[in-house]
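Summary of structural features
Residue-level listing of the chains:
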Amino acid sequence: MAQFIQDVHAGEMTELRKRTQECLEESATQEEAKLMELAAADAESVLKDEGEQVCAEETALKEEEENEEANREKLTLKDKMVNTASKDTKSKSAFHQWVKVFFGSWAAIASGMLYAVYLSTFHERKFWFSSKQDLEREISFQEDSGLYYYYYKKMLQATSIQEGLFELTHDNKTLSLRTLNSVQQINLYPEVFAGILYRITGSQEAIEPVYFYIGIIFGLQAVYVTALYVTSWMLSGTWMAGMLTVVWYIINRIDTTRVEHTIPLRENWALPYFALQVGALTGYLKTNVNSTMEMFSYLLMSASTFAFIMMWEISHYVLFVQAFSIFLLDCLDLIQSRKVTDVYRMYFVCLALGYFVQFRNSALLASPLLSFIGGSHLAKYIQQNLKKGHFVARLMKLLLHFYLVFTVSVTLNLVIKKMVPQEENEHIIKFFEAKFDLNTTRDFNTNLLLCQETFQTPSQDFFIRLTQTCLLPFCVSVLLICLFSTLEVVSRKFREVPQKSDGLLENMVIGERPEVVYHMFHMVLFGSLALMFQGLKYLWTPYACMFTAFGVCSPEIWMTVFKWLRLRTVPPMLLALMLSTAVPTIIGFSMWKDFFPDVMAELSDLQEFYDSDTVELMSWIKRQTPDAAVFAGSMQLMGTVKLCTGRTVTTHPLYSDRDLRKRTEEIYQVYSRRSAEDIYMILMSYKADYFIIEEGICNDMGPVKGCRVKDLLDVANGHILYGEGDSDANYAFSLYGRFCHEIKLDYSPYVNYFTRVYWNRSYRVYRVNTLISFQY
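The structure presented is a predicted model; accordingly, all values stated were derived computationally and were not measured.

Attention shifts here to a nonpolar patch on the surface. On the surface, Trp98, Phe102, Phe103, Trp106, Ile109, Met113, Trp239 and Met243 cluster together to form a nonpolar patch covering roughly 870 Å² of accessible area. When residues of the nonpolar patch are traced back to their parent elements, those giving at least two are helix 1 (2-127) and helix 8 (239-251). For the nonpolar patch, the element with the most residues is helix 1, which contributes 6 residues. Relative to the helices and strands, Phe102 resides in helix 1.

Right, let's talk about the pattern of salt bridges for a bit. The full count for this structure, using the stated rule, is 29 salt bridges. Here Arg338 ties to Glu294 by a salt bridge, and the two come within 3.0 Å at their closest N and O atoms. Placement of Arg338 in helix 13 (residues 337-357) and of Glu294 in helix 11 (residues 291-311) is noted, with a sequence separation of 44 residues between them. Shared partners join several salt bridges into a network, and the residues in it are Lys286, Arg513, Glu515 and Glu556.

A word on the pairing of strand 7 (residues 763-768). Side-chain direction in a regular strand flips from residue to residue, so the side chains alternate between the two faces of the sheet. Of all 6 residues in strand 7, 5 are buried; the element is thus mostly enclosed. Bridge count between strand 6 (residues 754-759) and strand 7: 5 bridges; the pairing is antiparallel. For Phe754, the partnering residue across the bridge sits in strand 7 and is Val768. Between strand 6 and strand 7, which pair antiparallel one after the other, the connecting turn spans 3 residues.

With respect to the helices and strands, the residue Gln669 is situated in the loop between helix 27 (658-667) and helix 28 (676-685). A residue is classified by how much of its surface remains accessible, and Gln669, at 3% relative accessible area, is buried. Among the polar contacts made by the side chain of Gln669, one reaches the side chain of Arg674 at a distance of 3.1 Å. There is a polar contact of 3.0 Å between the side chain of Gln669 and the side chain of Asn717. If sequence neighbours within four positions are ignored, Gln669 has contacts with Arg674, Ile679, Ile682, Leu713, Asn717 and Phe739.

For Gln383, the location among the structural elements is in the loop between helix 15 (368-382) and helix 16 (391-419). Residue Gln383 is classed as buried on the basis of its relative accessible area of 11%. Side chain to side chain, Gln383 and His401 meet in a polar contact 2.9 Å long.

Basis of the calculations
Residues numbered from 1 in each chain as written. Predicted model: local features only at pLDDT ≥ 70, side-chain atom pairs only at ≥ 80, totals over all residues. Heavy atoms only, no water. Patch = residues over 30% accessible without salt bridge, like charges linked within 9 Å, V, L, I, M, F, W, Y side chains within 5 Å. Areas by Shrake-Rupley, 256 points an atom, 1.4 Å probe, with all protein chains shown as cover. Salt bridge = Lys/Arg side-chain N within 4 Å of Asp/Glu carboxyl O. Helix = DSSP H or I, 4+ residues; strand = E, 2+ residues; numbered from the N terminus. Buried < 20%, exposed > 50% of the residue type's maximum accessible area, 1.4 Å probe, protein only. Pairing = 2+ DSSP bridges. Polar contact = N/O pair within 3.5 Å; in protein donor to acceptor, adjacent residues only side chain to side chain. Contact = heavy atoms within 4.5 Å.

See below:
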């Protein structure tokens, strides 16, 4: 029973569990259904939300795309407007630049042409060429310029160019007992060029030879002025500087040129080419120049350098000073080494070409320029790291570099002179020793050179004239500003301090521009030489006019000063632009008011150059003496005799070798205290038929003691001894009186050796007797 009850209970329990399980499964199914329904509802709502979100995003994207497209259209329109405005600005800037260049170029050309017209008018007013005969025209070629014109005439008188060249290179009709290569020895390349040009252009029927000759020189002066104008324009950026340069040049023409008085001088032929060379070098040294302009500047610089060497025998000394200026630029790291090498190569090529064209001119081989180029290259090869290191190290390297270049250059020059002997070296050394009081000499030719005005120091009047025209004060100011600015830039470079160089005016420093620093060195070096030799003022003063005009008209100069002054009250750039325009305008108008009337008065003033005594003498020689006669006399007079009469002479003013210097001293003995027999033997040694005594030399009472020809002869002959510290001259004993005085008395033995055949107020002509009759 109990078992039965347990079995029933177990069955019920099993049944209960089944039902419970079924109920649980049914509830689970319901819950799952509910959950599925809920999940489906959630998924549907999520999908719905996601769909709405996607739609919203698509709408937003469409709106963004529409906005972007609208912005693009706006930006495109704005860019088009900006590009159009920039193109308009660029076109306007290019147009303004073109107008500036056009009018500036025309002003440069007009300035040169007007100056040439001024020279021609002034020359006509002074010498009256159009109304004079050929003889009177030729006498107007004063000093040593007459001999140059003689060779030009001789070139034209030949039947052909080849014959003319042969006669000039085998000249046995100028100096007695000597055959010359006059082209080489007297540097007649300008006359050869002018003669050939006159022939090949067919100008024989259009213009007289003398007008063609002086016309070429006046044309070169126009080129000279134009080159100075353009150089100042390139430095300052404004053609107003060029105009101010021309004004200063013309007003100070007494110190800028000698072309008004001695036309055929070598400097009047050569300096225009040097001005072109300096202008081309300025363009070549600029840092912002393009490759085409750089190549053009280099070619122009090379051509003008070669022409300069051909035109002037001392050109290589001038180029040496220029090369030293470029060397200083290189040492201070203000110029690209490539450009320095190119300029040195140009010098070398031009010297080599000049050496061969000038009949192997040994003076070019022994020139300091060639030695300096070699010494500079060798020193740079030895010092590879010259521009590296800290401040003190670079200074020490720089000092060592200077020493190396100086030592190697001097050694190389001495070696060349030993290999290529130069007769004039001893004469030049003796001259400089006497000039700088390193030694005393009794040599006649050395003292004669020292007494010439060209080799004297400038007078006080020179500085007064430059000050009155405002040139000197402004020149010194501009030089000092450039010098201090250059020192500032070099100091920063050596200390490796970074510098702004963005090309903006407010950040530019004048000492960073290599072309400006070169001109500063150019001015200082040539100015120092001009303080020692007055003749070199004609090489320095024109560039002083150009450099000063650049400084006054350059905004960068004014900005440099304002930076030092830390100007804040007024915008410095605006003030610099205003002053760079106002100051030169004021200077120009003031000089126009003060000096222009004097310039015009000179053109209206009717002058007359007529030397009647010289005209009569030349006419008598042409009429009364044979064509083969040989004349002796002073250098300058013999140049005039050769030009006007064609007679052979014993000496001429262009003495350049030892033989001519010896001839000059011996012929001048007619003004010394020598016997008639001594003078006779000297004249006969040169086959002289006549000699001319000038009263101006014989009776010279000049104020400069010791510089009269007769004084120099007495010193050389030992007839006058100057004691140390003694102001009075002690006359040594001489058996004879002064020859030019004694022969005038017409007593024996002078009348036995010489016969007076012509005289006037200025000259006495004596024939050298071939048969001597001693009658007392």
